[in-house]
Protein chains: 2
Amino acid sequence: MTIARDNGAAPDGTILRIIPLGGVGEIGKNMTVIEYGNDIVVIDAGLMFPEEGMFGIDLVVPDVTYLRERKEMVRAFLITHAHEDHVGGLPYVLPTFPGVPVYASTLARGLLGNKIKEHKLRNNPLLALEAGGSVELGPFTATAFRIGHSIPDAMGICLRTPLGNIVHTGDFKFDHTPVDGKLSDFHMLAGFGAEGVLCLMSDSTRAENPGYTPSERTVGEAFREMMEGLDGRVIVATFASNIARIQQVFDAAETFGRSVAVIGRSMEQNTRIASELGYLRYPATQLVPKDRIRDVPDDKLVIATTGAQGEPMAGLARMANRDHRYVEIQAGDTVIVSASPIPGNEEMVGRTIDNLFKAGANVYYHAIRRAHVSGHGSQEELKLMLNLTKPRHFIPIHGEFRMLVQHGRLAAEVGVAPENIFIIENGQPIEFLPDGSARRGARVESGYVFVDGLSVGEVGDVVLRDRRALASDGMFLVVVTVDKQTGNLVGPPEIVTRGFVAEVDAALLAGAIDRISRSIENPGEHTSEIGLLKAQIKDGLSQYLYERTKRRPMVLPVVMEV
Amino acid sequence: MTIARDNGAAPDGTILRIIPLGGVGEIGKNMTVIEYGNDIVVIDAGLMFPEEGMFGIDLVVPDVTYLRERKEMVRAFLITHAHEDHVGGLPYVLPTFPGVPVYASTLARGLLGNKIKEHKLRNNPLLALEAGGSVELGPFTATAFRIGHSIPDAMGICLRTPLGNIVHTGDFKFDHTPVDGKLSDFHMLAGFGAEGVLCLMSDSTRAENPGYTPSERTVGEAFREMMEGLDGRVIVATFASNIARIQQVFDAAETFGRSVAVIGRSMEQNTRIASELGYLRYPATQLVPKDRIRDVPDDKLVIATTGAQGEPMAGLARMANRDHRYVEIQAGDTVIVSASPIPGNEEMVGRTIDNLFKAGANVYYHAIRRAHVSGHGSQEELKLMLNLTKPRHFIPIHGEFRMLVQHGRLAAEVGVAPENIFIIENGQPIEFLPDGSARRGARVESGYVFVDGLSVGEVGDVVLRDRRALASDGMFLVVVTVDKQTGNLVGPPEIVTRGFVAEVDAALLAGAIDRISRSIENPGEHTSEIGLLKAQIKDGLSQYLYERTKRRPMVLPVVMEV
């Protein structure tokens, strides 16, 4: 580790390191570490939702072992925007870094406030860093710039370092007609480019998509077209944090003289906070409390709700299943699903849409009539970002490996030297030398930890492997009682199965008991030891069950000595 | 049930019934029953692959209780084409109907041959029904007509019944330039329309897609563009049954003087059968045995393989993971994924593509460069089918409920009377009366059964519910031994957990044992009974574990009396 000089500055020759940490498939999505000498700043601290096969896991957060071992070096967490995949890890990460401040924009601080209260994170000051503003952090100066995204007040970070400027875009799109009128700061980006950018880290989510992502404003136009001339209620399902989308629901509703009810815990909370902070504007009389929905005529009502991803416990699915306290779908309802299914959610979304149709609603959804645009820029926007900032080096981030590959190709197309484009995985540092060159460093500990129930990290791969085995073929438990002296069976074995077959038939049971008895009666050399006896029972029984059923339940032998 | 008259004909006033059976989400996909008086014909007998949450299930086949109860009425199974979702259920269904013939086209019979051999289905004759041909089946005459699809020799069925013609399209698209040159039989369809069609049942898979589905031939052009000028090997992954696609792999390879190796059990088998039957043509010298791949220069080789859906055990994923016996991905390889991910498979497909890139290959895949077209017709084709056949009634089939709704709207657009369009679910009969009118009948028993290991139907909802519970939070087993006389604990309880937490800490263990002891020491009124004692242990322990961990493992108490 570099030794700081007396004046606190790092010695000449110090290397600048960028390390994406955490995440499951996406790279650099949840957390990026930038390190120079004895100083580290961290950009974002997000979470991921579990992937297929991560049974029973609630959340996945980055493994911060690398940071924990350099605890005293961490100067700040800089938040680009308040989506869960960028801030959701804070409650699990911050307790390790007491006193380290979190910098965020006004709306992000507003939305984070609850999280911080809920998790009692009193030891980390939550400080203001607004778009256009700067903060000094040891050898770094972090300057935030406004960027378009599917939540207001989203920012990128230009980190001025002793070796040059690092531009981190955060999640972004270039929307020329944003709903709140606040443009991405093209001028600041051009300024960084003029000044010189050592390295650009840019959002690759839609690097596979040619062209431009349409403006969020086009969604408002679609809302109006769909609502035109309707007699029944309108229900719009979308993301709870997309304040611009919710604003457009209010605006379109107003066009047709409709009131708006907001339903869904997170959407109600976000709407309240965004209104208080001035990010959401509507006539006070337009908002209907959810318990007053029945007082509003059908043709004067719009309901905004959550569950656009088909989540079974969210508003839309419950309404479709007639399981919602305030709203039951009725014939004449028009439902607008203002989202595209995230890969992995298609089945759930499809099921919800089917149920809405069955309940008598007309449904506008992604496959037949789009009422959604992405919050991420497409290829032309990514090229514009590259051409504005003119980076010497480029690290595509925020995407699966194949998307980073595509983004890397775009960078090469616009003229970044191919050897200066780094397609990397989490835990792979890129090191910048004082001469401005860059190279791959030795990989650091990275990965993720599971949050399950109350614990963080307690559930590991072994537990998951067991859950997968149990899920696949269930379990077959056998308890035998043996005489401590003779080693003989005392009474018949007790057998319990779950998730194996509906009913263990008599022949299978008899065969199993026979196999168990033989395991005990023909002991190997060391069966005085219970462990070996168990192993023998387990092997014999597993083999028998597979032969008879072609299934491999988890066999659990318990030996009680009396 | 209708009583047959002396001459065997059904009496006047007999009702004609159409009943879609089986399936999970899709309607009428796997099996359609058409019934008149004492006679039934069944169109297709397919299977579905398990959905999310159907843990450990291998296959899902239609529940044929309805047919089993009318066993002697079943005249024939008519097969539209040899895809698994149309024929894969035969091995599980046919044993219930000994002697009932199965009618299929030449290629379908070829592909079915193995299945019938493997499952020893000797009691059901496999008979020829070729496109353009007819067969009499009691009161019915079934006429097969050629239709385009992603497997050669696909057919639809026109079933002439005493009350009128039923046209069942099977899976179809209208390809004006099919690879094998065999057009869909527009003229027969027009003939049915001229004659009069009582009811059309038509494929709704792509009812949400506007326009036309491109010709299969466009994929061959894409293959040639991608292979042009390459020095390295080319690996094409696609569906094992898409003989036209495999033909185009051979054709494109030939353009560049490349040999072809076919890898993957099902693709090798299908390629062999299709070649023998004349459905696949290539110069004998072009085919390379898989164990001779290494003898062919990289720029003279194309490898056709399975696994285009990212299936972890299929060719492509194994090659990407360096886990394949014959092929390991190397720098310079070009991989063409000639498929679109089926909803639910996106994560697996994405993972495989990422691994291919990491292994150094260049990959063409759906998101960046399409080398795939659907085998199902889009909206303009569906309207053409409706306008050719001019049906009086319409039942959209083969699709999720929302797709049937869209298809129903298309039918209304082209002039089918809205009251004659039936959007129905599996098990819902549509009944046709002698006056040509139609109505919904009383629902019949329908649904699906699970195939798991060697058993059919033995795994039911309870088993699946247990597997889901085990998958979510694992299990917590406690074995207590009590004195038969006193009811007192003999020794400490034995505790085994799996899939719960990595290590049960001492405090949690002590607390659990304490709770168990108290359950036993403070027995309720009837604790002489073991069942009640178990219930008490279970309740107390579940509550304790939830309080301490916020998890709900499956608690399994076992009480041994000594």
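Residues numbered from 1 in each chain as written. Chains lettered and ligands numbered in written order. Predicted model: local features only at pLDDT ≥ 70, side-chain atom pairs only at ≥ 80, totals over all residues. Heavy atoms only, no water.

Comments concerning the pattern of salt bridges
All names here are of chain B.
Then comes step 1: Taken as a whole and judged by the stated rule, the model has 52 salt bridges over all chains.
Then comes step 2: Between Asp-85 and Lys-29 there is a salt bridge, and its shortest N-O distance comes to 3.6 Å. Placement of Asp-85 in helix α2 (residues 84–87) and of Lys-29 in the loop between β1 (16–21) and β2 (31–36) is noted, with a sequence separation of 56 residues between them.
Then comes step 3: Residue Lys-29 is classed as buried on the basis of its relative accessible area of 4%. (Salt bridge = Lys/Arg side-chain N within 4 Å of Asp/Glu carboxyl O. Helix = DSSP H or I, 4+ residues; strand = E, 2+ residues; numbered from the N terminus. Buried < 20%, exposed > 50% of the residue type's maximum accessible area, 1.4 Å probe, protein only.)

Observations concerning helix α11 (residues 379–389) of chain A
Spacing of three or four residues puts side chains on the same side of an α-helix, whose turn is 3.6 residues.
Residue and element names in this part refer to chain A.
Then comes step 1: In terms of burial, α11 is a largely internal element, 8 of the 11 residues being buried.
Then comes step 2: Listing the buried residues of α11 in full gives Gln-379, Glu-381, Leu-382, Lys-383, Met-385, Leu-386, Leu-388 and Thr-389.
Then comes step 3: Of the surrounding secondary structure, the elements contacted by the buried residues of α11 are β11 (164–168), α5 (186–195), β12 (197–203), β18 (391–397) and α12 (401–413).
Then comes step 4: Looking one or two residues beyond α11, the residue adopting positive phi is Lys-390, at roughly 40°. (Contact = heavy atoms within 4.5 Å.)

Focus on the interface of chain B and chain A
Then comes step 1: Opposite the 61 residues of chain B that make contact, chain A presents 61 residues.
Then comes step 2: Each partner contributes to the roughly 5500 Å² buried at the junction of chain B and chain A, and carbon and sulfur atoms together form 58% of this total.
Then comes step 3: Taken together, the links from chain B to chain A amount to 4 salt bridges.
Then comes step 4: For Glu-425 of chain A, the salt bridge goes to Lys-358 of chain B, with nearest N and O atoms at 3.0 Å.
Then comes step 5: There are 16 residue pairs in polar contact (both at pLDDT 80 or more) connecting chain B and chain A.
Then comes step 6: Broken down by element, the side of chain B that touches chain A gets its largest block of residues, 8 residues, from helix α10 (residues 346–358) of chain B.
Then comes step 7: Classifying every residue of the side of chain B that touches chain A gives 26 nonpolar, 12 polar and 23 charged. (Buried area = accessible area lost by both parts, 1.4 Å probe. Polar contact = N/O pair within 3.5 Å; in protein donor to acceptor, adjacent residues only side chain to side chain. Nonpolar A, V, L, I, M, F, W, Y, C, P; charged D, E, K, R; others polar.)

Things to note about the nonpolar core
Then comes step 1: Leu-67 and Phe-77 of chain A are the most contacted members of the largest nonpolar core, which has 113 residues in total.
Then comes step 2: Each residue touching Phe-77 of chain A, except ones within four places of it in the same chain, is listed here: Met-31, Val-42, Ala-45, Val-93, Leu-94, Phe-97, Val-100, Pro-101, Val-102 and Tyr-103 of chain A.
Then comes step 3: Judged by nonpolar contacts, the second largest core, of 112 residues, contains Leu-301 and Ile-353 of chain A together with Ala-253 and Met-267 of chain B. (Core = buried A, V, L, I, M, F, W, Y, C linked by side-chain atoms within 4.5 Å.)

Some details on the domain arrangement of chain A
Interface size is often expressed as the accessible area that is lost when the parts come together.
Residues and elements named next belong to chain A.
Then comes step 1: Domain boundaries assigned for chain A yield domain 1 (16–211 + 375–451), domain 2 (217–364) and domain 3 (461–561).
Then comes step 2: Relative to domain 2, the C-alpha centre of domain 1 lies at a distance of 32 Å.
Then comes step 3: Taken together, the contacts link 14 residues of domain 1 with 14 residues of domain 2.
Then comes step 4: Regarding the contact of domain 1 and domain 2, the summed buried area is about 1200 Å², with carbon and sulfur atoms giving 61% of it.
Then comes step 5: Remark: the boundary between domain 1 and domain 2 carries 0 salt bridges. (Domains from an automatic or database assignment.)

Description of the environment of Ser-437 of chain A
All names here are of chain A.
Then comes step 1: Locating Ser-437 in the fold gives a position in the loop between β19 (430–432) and β20 (438–440).
Then comes step 2: Look at Ser-437 and you get partly exposed, because its relative accessible area is 23%.
Then comes step 3: In sequence terms Ser-437 and Pro-283 are 154 residues apart; their C-alpha atoms lie 56 Å from each other.
Then comes step 4: A distance of 2.7 Å separates a polar atom in the side chain of Ser-437 from a polar atom in the side chain of Asp-435.

Considerations on the packing of aromatic side chains
Think of a pair of aromatic rings as described by two things: how far the centres are apart, and how the planes are tilted against each other in angle.
Residue and element names in this part refer to chain A.
Then comes step 1: Taken as a whole and assessed by the stated rule, the structure comprises 14 aromatic pairs over all chains.
Then comes step 2: Arranged with centres 5.5 Å apart and planes meeting at 65°, the rings of Phe-145 and Phe-192 form a pair that is edge-to-face. Taken together, the positions of Phe-145 in strand β9 (residues 140–146) and Phe-192 in helix α5 put the pair 47 residues apart, joining distant regions of the chain.
Then comes step 3: For Phe-192, a relative accessible area of 3% corresponds to the buried category.
Then comes step 4: Plain terms: the ring middles of Phe-174 and Phe-186 are 5.0 Å apart, the flat faces sit at 35° to each other, and that makes the pair tilted. With Phe-174 in the loop between β11 and α5 and Phe-186 in helix α5, this pair connects stretches of sequence that are 12 residues apart.
Then comes step 5: For Phe-186, a relative accessible area of 17% corresponds to the buried category.
Then comes step 6: Taken together through their ring pairs, the aromatic side chains of Phe-172, Phe-174 and Phe-186 make up a single cluster.
Then comes step 7: Just above the ring of Tyr-546 sits the side chain of Lys-550; from NZ or CZ to the centre is 5.0 Å. (Phe/Tyr/Trp six-rings, centres within 6.5 Å; stacked < 30°, edge-to-face > 60°. Lys NZ or Arg CZ within 6 Å of the ring centre and 35° of its normal.)

Things to note about unusual backbone geometry
Excluding glycine, a negative phi dihedral is what most residues carry, and trans is how most peptide bonds are arranged.
All names here are of chain B.
Then comes step 1: Unusually for a residue other than glycine, Asp-153 sits at a positive phi of about 65°.
Then comes step 2: For Asp-153, the position within the fold is in the loop between β9 (140–146) and β10 (155–161).
Then comes step 3: Phi is positive for Lys-550, close to 60°, though the residue is something other than glycine.
Then comes step 4: Tracing the chain through its elements places Lys-550 in the loop between α15 (530–549) and β25 (554–561).

Quick word on the sheet that holds strand β5 (residues 74–78) of chain B
All names here are of chain B.
Then comes step 1: Ordered in space as β7-β6-β5-β3-β2-β1-β19-β20, the 8 strands form an open sheet in which the pairing is mixed. Where the open sheet ends on each side, the last strands, each with one partner, are β7 (126–128) and β20 (438–440). Neighbour-to-neighbour, the strand axes of the sheet open up by a mean angle of 25°, direction not taken into account.
Then comes step 2: Pairing of β1 with strand β19 (residues 430–432), which is carried by 3 bridges, proceeds in the antiparallel orientation. Among the inter-strand pairings, Ile-18 is bridged to a residue of β19, identified as Ile-430. (Pairing = 2+ DSSP bridges. Axes fitted to C-alpha atoms, helices over the stretch in contact; angles between N-to-C directions.)

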